[in-house]
Structures are given as C-alpha cells and as structure tokens.
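Topology and contacts: notes
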Amino acid sequence: MIISNKLSRTSVAGVLLGLSLAALAREHVTQASADIRRTTFGVPHIRANDERGLGYGIGYAYAQDNLCLLANEVVTVNGERAKFFGPEQATLEERNNLASDVFFTWLNTPQAVAAFWKAQTPEIQQRIEGYVAGYNRYLKEQGAPAQCHAAWVRPLVTGDLVKLTRRLLVEGGVGQFAEALASAAPPRATARVQPNLKAFELAVANQQRFSLDRGSNAVAVGRDRSFNGRGMLLANPHFPWVGGMRFYEMHLTIPGQLDVMGAALPGLPVINIGFNQHVAWTHTVDTSKHFTLYRLTLDPKDATRYLLDGKSMPLEKTSVTVQVKQADGSLKPQAHTLYSSQFGPVVQWPGKLDWDNHYAFSLRDANLGNDRVLQQWYAMNRATSLKELQTSVHTLQGIPWVNTVAADDQGQSLYMNLSVVPNVSAAKLAQCSDPRAGMQMIMLDGAHSTCAWDIDPRAAQPGIFAADQLPQLQRTDYVQHSNDSAWMANPKAPLTGFSPVISQDHIGLGPRARFAVQRLQSLEKQPISAVDLQNMVMDNEVYLASQVIPDLLEFCAKRLGNDAAALQPLCASLKAWDQRANLDSGVGLVHFINLFEHLQQLPDAWRVAFDPAHPLTTPRGLAINREPVANALREAMLASTADVSKLGLTRWGDIQVCGQIPIHGGPQALGIYNAMQTVPRADGKREVVSGSSYLQIVTFDDKGPQALGVLAFSESSNPQSKYAKDQTQAFSEKKLRPLPFTEAQIKADPQYQQQLIKE
C-alpha cells in the first residue's frame, strides 16, 4: 500500500504526538509525590494521592529519622553481617554474625523473596516501591548520618523490604532457632558454624524473653462500661527500644480512601497498631504455637536419611554461601550445608535437640507460608467498622503471632486470638506428641505421615486452623489481654475447649492480667474514663506487692533472729515503700525486686497455691512458716542488703534509665503493668532495652477518634536528632499528648511544619 508523503508525515506526527502524550500521562501517573507535615515531637503526617506517593512519603520520613537503623537491619536480613563486620561479632540480639548470615541466607532465598512479592496486591507493591524510592531519595540528598557513614549503607531495593517482612514473620518460630539451624550437622560431620554453648545459652535466654520483650497489655472497653457509651482502647505494647522491632509513629492519608494513625515496625509501609475514624486496635503476643518440632527416626544405615511410614527418605541438602571478612579485610566465601525433611529444616540444639545416629529434629514454621501479612494490616488500616476489621482477619488470616484487641465508635469491644496456628488437634497431640517434651515446644512423631498438620479447606493456607476454630470474644463491657492464653480475656465469658496448641485454660495467669482484671472490676461502680486507662499504666502499681508485703513485714517482725540488726534497714525500706515503681519510689522497690528474683526459683514459695477455680486471686502470700522458704528469704534479704549498699542509690529514678533520662515502671514478673526490661550498666544503673513503647489511648465521640499517646523512646534513633529523646522525656514525666488527627488539629499544632516532595 502506497501512502503520500504528506499523509504519511501527518499520520506519523499524529501517532508520535499520541505516543508522547500517552508517555507523559503514564509518567504523571507513576511519578510519586507526598506531603509530609510534622507536628510536636516530629510525628509525620504523610498525605498523598495514591499508594506509591504514600509509600514515597513513608520511606523519606523514616530515612530522616532512622536511616542507620534500617540500613543495619537490611544488612542483617540480607545475610551480610560477616561480610561487613566480621564473623565473630554479634548482632544487636547477641546472635553470632556468621550464624545470623547462614540463617537469613537460608530464609530469604531469591525464590522465596520473588514468590512473596508476586503474592502481594498491586496496591501493596506500589506502596513498597514508593517506600524504596523515598528512602533512596533521602539517602542521595543527605547521605548517611555520621553514625553509619560506611560502605554497608546503600540504596534499597524492593526485595529488602520483603526480607524485613519475612524476618518479622518468623520471629515467633524458626527465627528463634537461627543458631540451631546454622549448626545442625550429621553425627561425625563438622558443622561450618561450630555450636557454641554460650551462643545457645543466649539463644535460650532470648527465647524466654521473647514474650517479655514483645509482650503487651491491651484493654478494649465497650458501651456498657465507657464514660460516653462509645468504645475505648488502651494499647500498651511492650516492644524493644532498639533495633528491628522498634516502633515508629506516623499518620497516613490518601484523601477519600485512607486516614489512619499509629505505629509501624521498621520497613513496613502500614500501621501495625493504631486507629482510624471508626476503629482502634492493638496487638499482644499470644501463647499459641506457631511451629512444631518433628522427631525424625533415622535410617540405621545412614544418619542423613529418615524413616517415614517405613520408607527410607533422604534429607534434602541445601548449600548456602556467605561472604566472610578476613583479618586482612579481604572477603572469603564460606559454604554451609543445611538439611531439611519434608517437615522443615533440621535443627540441632546441644543437650536438647541432638542429632545422633537415632534421631534428628525438624522444625515446621506456619508463618513461612504466610504471604498475607502486609495485606492484613492494609485491610485493617482501612476498616470502617469493627465488623469489617474482624472479617478481614477471618478472611486473610495474616496476623503472624499476636492477638488482636479492638474497639469501635459504636461501643463494641473485641478480642481475637486469630493468628497463624498449626492445625494440630488435641486428639493428634495425644496420638503424635511426646508428653515428656511438655507444651513449651510441641514435638510430633516424624516417622508417620498421619502426624502431619491437618488440612482444613476453609483456612487461608494449608496446615493452619481455620478462623472459626480460634478463640474470639465480642463484648459490650470489656476485653483485656496481657500475654496469657485466651482463657480469661473476660472472666464472665471464659474461652475454653481449644486445642492446647491454640490456647490452654485452667492454668495460672500472669500477674499483669490479674492486675488488669482486678483494676477493671474495681471500676464497676463508675464509668471508665480515658484517665482510668492511663492510670492503669502510669500509676505503676506493683501488683505482687499487695500479695506478699504483709508476709514480708511479718517475717521482718518475727523471723529475723540473729540477722535482725543487719536486716533492719531493708525491713524499714519495705515498710516505707509506696508499693509502686515511680521515679521517686524508694529503695524498698529495689529490695522487693531482688527478693522476688530469688523466691521465684523456689518451689512451693506461695502460701496459697494456684487454684483453677480462683485464677484471679491465686497464688498469693508467702509461705514464711515453711523452713526452706524462710531460709531462702533470709539469704535473699542479706544478699539484697549487700547489693543495695554497693549501689549507693536510693531513688528508682536514679537506677532505671534511658541514657540519662529516668524511667518509671519495672519488671513485668512483679505484675507491673508498665513493664520494663533492663540490662545492667557499668555504673550500676540499669538501661531500658524493652518495655512500654507506643502508648495509645483512644476514645470516640461525634467528631471521631480522640487519642492520647506517647512513643516512649521517641521517633528518631539518630542521637543527633532533636527527636531522639524528646518523647522519652515526656514519658518520664508521664505526659501523654493529644494525637493530632484531623486537618484542623494538625495545622493548629504549635510545631507544625510542612515538606512537599516529588520524584
């Protein structure tokens, strides 16, 4: 076909113009922009017109406040710590760098990362892509702060955020077995990562601290008990003050689509704990099991083969290679062979899970199949009612290892133990588990395929319980939770009859839960106010003091014997102590902490033992008339007297600190709702490393949510930032602030500032 030159040129010009306009339109659509407004304490209120723009603003704002923190976590989840810092150094969690690198190289394979990314919705992908672009823009503009101006700080790629999310998923499972996975080797073989007994001791301590460092309190009040007939929520998560689980406070808005405020974990472009116009929610670490171990019966002829239904099966071998920094600064690749059965990776724990010629142990983590976690929080952020929030959790089942407690503006309260739990019924436990292993870690028989997790077609993924098989409770009075089982979320409606893998009933409650229920019961004759919820945390009552101080004072009066003179100052301090953990609380609190640490190790120390029929009032009292208890108590008193004398400090605020800032609260084991975990310092003080983090109290009225809050460790982890310690000082002074949510509130803030960023 012949076309005239004139027509050809016109047509071509038209086509080119059309293509040019289309390209400009695409560029306009994909070009990200965000409006970052900051209010008091530097809290960012990020507004954008689309998902990519919102992610762009989140990534940029987060880099402004925590670039070094995120860069360090990216090195960890990419398995590059030995490459940059050497194999003998340790992570923030005290994990050997080489073991950490082997674990994360195994966890975050290119295939696993690609599959997770593919499973995300376009909206989630756009938000992650925006986050990466925003972070990278800030890094390019400003460079890394002095504290991390080094080669290991680089621009992000989307896979980095996927890897950070996958690390979060396995925190409640195989992530606690990194050393055991990295050091597993057949008998008479030499593991590349040598099992270090000290490392395993630290790993045990970290396992035991998991629910402490990531514990939490939550109370949701319904219309029958609230001061205005609307729902109320107290969110008091106890999370680390440093590292990859440190919360970040922010407010996210896409006009007409999304308006949510709260706190998020590093690298996550969604709100984990927060509120929107109609609903407020929080999470507490649950007691459900999120993994099971399988004891493999090995082939007598070959310890790298196991017997399944009478057939010999080979363990699958996987080689991972990490780059290791040498003494001269050069890099050397180091390969390591990992083993897996059909149930999961082989783990080896000296003295607990030994791989010998008879048995080996595999671990199956339910959350390795959870690619719905970001979509879950994305849906919760947008929920317009409690029912919509609940339905999203029922449908997606993306919550990894926490309970959800929520309230709404219609006066309803909700507790859900709807996390990802292996589908192992009570009958299967009886058939397949080793009762000698107890319930701390479920161990199933790996020699029989009938002991595999059951498949329920209604569940969101194979091998987990369907949502309607898990505990949940909706009330118009209240629900509460403090890291116990689901049993006593509200004592008027006990949650019972579940598989022990999900929840156990008729077992002892933690003292924080007992405190919470008794405090809520004490308020039954009056409506509950926001101040009442704030006081539950901030008055720092030491619950167990009310249970045992009378016995301690009786012991002081009658049982000191020849040690009376030496112990008189301790007894006087206990009598004078206000039974709280406030900054001005006296040395009696220190003595009480010391005494209880000793008594906790003693069997039968309670005068009244736990009674399942009276879970809120037992155990209680000290059995001071039993000679072993009396002797142990006297020894503990003498030891505490010596320790306190060396310390030379008499105010709690001079002892428990964050840097130079005094911090109230104390050990959760004493029933202190405002729980704090500390580590000793060289100067004798104790540095807070975990505890009350993002404190949020939300009520509703005709205008929407009315929220108070504080981020205890402040927005920025950069010590040079003006937002590094400001909220910490406010927390120390018990000053919660109103959280600006509406446009009018944001713009009226005295510290209001605005920054518009565009790609």
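Residues numbered from 1 in each chain as written. Predicted model: local features only at pLDDT ≥ 70, side-chain atom pairs only at ≥ 80, totals over all residues. Heavy atoms only, no water.

The name recorded for the chain in an unreviewed UniProt entry is Acyl-homoserine lactone acylase PvdQ, from Pseudomonas antarctica. What UniProt records for the chain under Subcellular location (unreviewed entry) is the sentence "Periplasm". (UniProt positions renumbered as here; feature names shortened; annotations may be inferred.)

If you tally the helices and strands in the chain, you get 20 helices and 30 strands. A compact globule built from 759 residues should have a C-alpha radius of gyration of about 27 Å, and the chain, at 28 Å, falls within 12% of that. For the chain, the spread of C-alpha atoms along the three principal axes comes to 115 × 75 × 55 Å. Each of the 759 residues in the chain was classed as buried or not, and the buried ones make up 58%. Relative to all contacts within the chain whose residues are 6 or more apart in sequence, the contacts with residues 24 or more apart total 69%. Put simply, the chain shows about 30,200 Å² of open surface, and 53% of that area lies on carbon and sulfur atoms. Side-chain charges of the chain comprise 70 positive and 69 negative groups, with the mean position of each set lying 3 Å from the other. (Helix = DSSP H or I, 4+ residues; strand = E, 2+ residues; numbered from the N terminus. Rg over C-alpha atoms; globule rule 2.2 N^0.38 Å. Buried < 20%, exposed > 50% of the residue type's maximum accessible area, 1.4 Å probe, protein only. Contact = heavy atoms within 4.5 Å. Areas by Shrake-Rupley, 256 points an atom, 1.4 Å probe, with all protein chains shown as cover. Lys, Arg positive; Asp, Glu negative; His and termini not counted. Charge placed at Lys NZ, Arg CZ, Asp CG, Glu CD.)

Let us look at empty space enclosed by the protein. If you walk through the whole model with that rule in mind, you get 4 cavities of 30 Å³ or more. The computed volume of the largest cavity comes to approximately 90 Å³. Lining the largest cavity, in full, are Leu168, Phe239, Phe247, Leu265, Asn272, Ile273, His283, Trp377, Pro400, Trp401 and Val402. In terms of residue class, the lining of the second largest cavity is built from 6 nonpolar, 1 polar and 1 charged. (1 Å grid on protein atoms, 1.4 Å probe; cavity = no way out; pocket = protein on both sides within 12 Å on 5 of 7 lines; lining within 4 Å. Points joined across faces, edges and corners; volume = space filled by probe spheres on them. Nonpolar A, V, L, I, M, F, W, Y, C, P; charged D, E, K, R; others polar.)

Our focus in this paragraph is the sheet that holds strand 2 (residues 43–47). Read from one edge to the other, the open sheet built from 10 strands follows the order 19-17-16-8-7-6-5-2-1-30, with strand pairing classed as mixed. Edge positions in the sheet fall to strand 19 (472–475) and strand 30 (753–758), since each has one partner strand and no second. Taking the axes of each pair of neighbouring strands and ignoring which way they run, one obtains an average angle of 15° across the sheet. In this structure, strand 8 (residues 279–285) lies alongside strand 16 (residues 402–408), joined through 7 bridges in antiparallel fashion. Its bridge partner being in strand 16, Trp281 is matched across the sheet by Ala406. (Pairing = 2+ DSSP bridges. Axes fitted to C-alpha atoms, helices over the stretch in contact; angles between N-to-C directions.)

All told, the structure shown has 29 salt bridges when counted by the stated rule. Across the salt bridge formed by Glu743 and Arg47, the nearest N and O atoms sit 3.1 Å from each other. With Glu743 in helix 20 (residues 743–748) and Arg47 in strand 2, this pair connects stretches of sequence that are 696 residues apart. Residue Glu743 is classed as partly exposed on the basis of its relative accessible area, which comes to 32%. Exposure remark for Arg47: the relative accessible area of 24% places this residue in the partly exposed category. Across the salt bridge formed by Arg580 and Asp539, the nearest N and O atoms sit 3.7 Å from each other. Placement of Arg580 in the loop between helix 16 (564–576) and helix 17 (587–599) and of Asp539 in the loop between helix 14 (530–538) and helix 15 (543–558) is noted, with a sequence separation of 41 residues between them. Overall, the relative accessible area of 28% leaves Arg580 in the partly exposed class. Owing to a relative accessible area of 16%, Asp539 belongs among the buried residues under this scheme. (Salt bridge = Lys/Arg side-chain N within 4 Å of Asp/Glu carboxyl O.)

Take the UniProt feature "active site" (unreviewed entry) in the chain next. According to UniProt, the positions carrying the feature "active site" (unreviewed entry) are Ser216. Inspection of the secondary structure puts Ser216 in strand 3 (residues 216–221). Once residues within four sequence positions are removed from consideration, Ser216 is found in contact with Asn236, Pro237, His238, Phe239, His283, Thr284, His481, Ser482, Asn483 and Arg512. Among the polar contacts listed, one links the side chain of Ser216 to the backbone nitrogen of His238, at a separation of 3.2 Å. (Polar contact = N/O pair within 3.5 Å; in protein donor to acceptor, adjacent residues only side chain to side chain.)

Next up on the list: helix 15. Ile549 marks the point of greatest bend in helix 15, at about 45°, and the proline Pro550 comes within the next four residues. Regarding helix 15, the residues found buried are Tyr543, Leu544, Ala545, Gln547, Val548, Ile549, Asp551, Leu552, Phe555 and Cys556. On the buried face of helix 15, the contacting elements are helix 13 (511–522), helix 16, helix 17, strand 21 (606–608), strand 22 (620–622) and helix 18 (627–647). (Bend = angle between axes of the 7 residues up to and from the residue.)

Describing an aromatic ring pair means giving the distance of the ring centres and the angle of the ring planes. Counted by the stated rule, this structure contains 17 aromatic pairs. Relative to Phe291, the ring of Phe177 lies with its centre 5.4 Å away and its plane at 75°, an arrangement referred to as edge-to-face. Residue Phe177 is found in the loop between helix 7 (158–169) and helix 8 (178–182), and its partner Phe291 is found in strand 9 (residues 291–299); the two are separated by 114 residues along the sequence. Phe177 gets classed as buried once you look at its relative accessible area, which sits at 1%. Both rings, one in Phe275 and one in Phe741, keep their centres 5.3 Å apart while their planes meet at 45°; by these two values the pair is tilted. (Phe/Tyr/Trp six-rings, centres within 6.5 Å; stacked < 30°, edge-to-face > 60°.)

Let's shift gears to the layout of surface pockets. Empty space among the atoms can be located by rolling a probe the size of a water molecule over them. In this model, the second largest pocket occupies a volume close to 670 Å³. Contributing to the lining of the second largest pocket are 26 residues, with Ile593, Glu597, Pro667, Thr678 and Arg686 lying nearest its centre. At the level of elements, helix 9 (197–213), helix 17, helix 18, strand 25 (676–680) and strand 26 (686–692) are the ones that each hand at least two residues to the lining of the second largest pocket. Of the residues that constitute the lining of the second largest pocket, the class distribution is 15 nonpolar, 7 polar and 4 charged.

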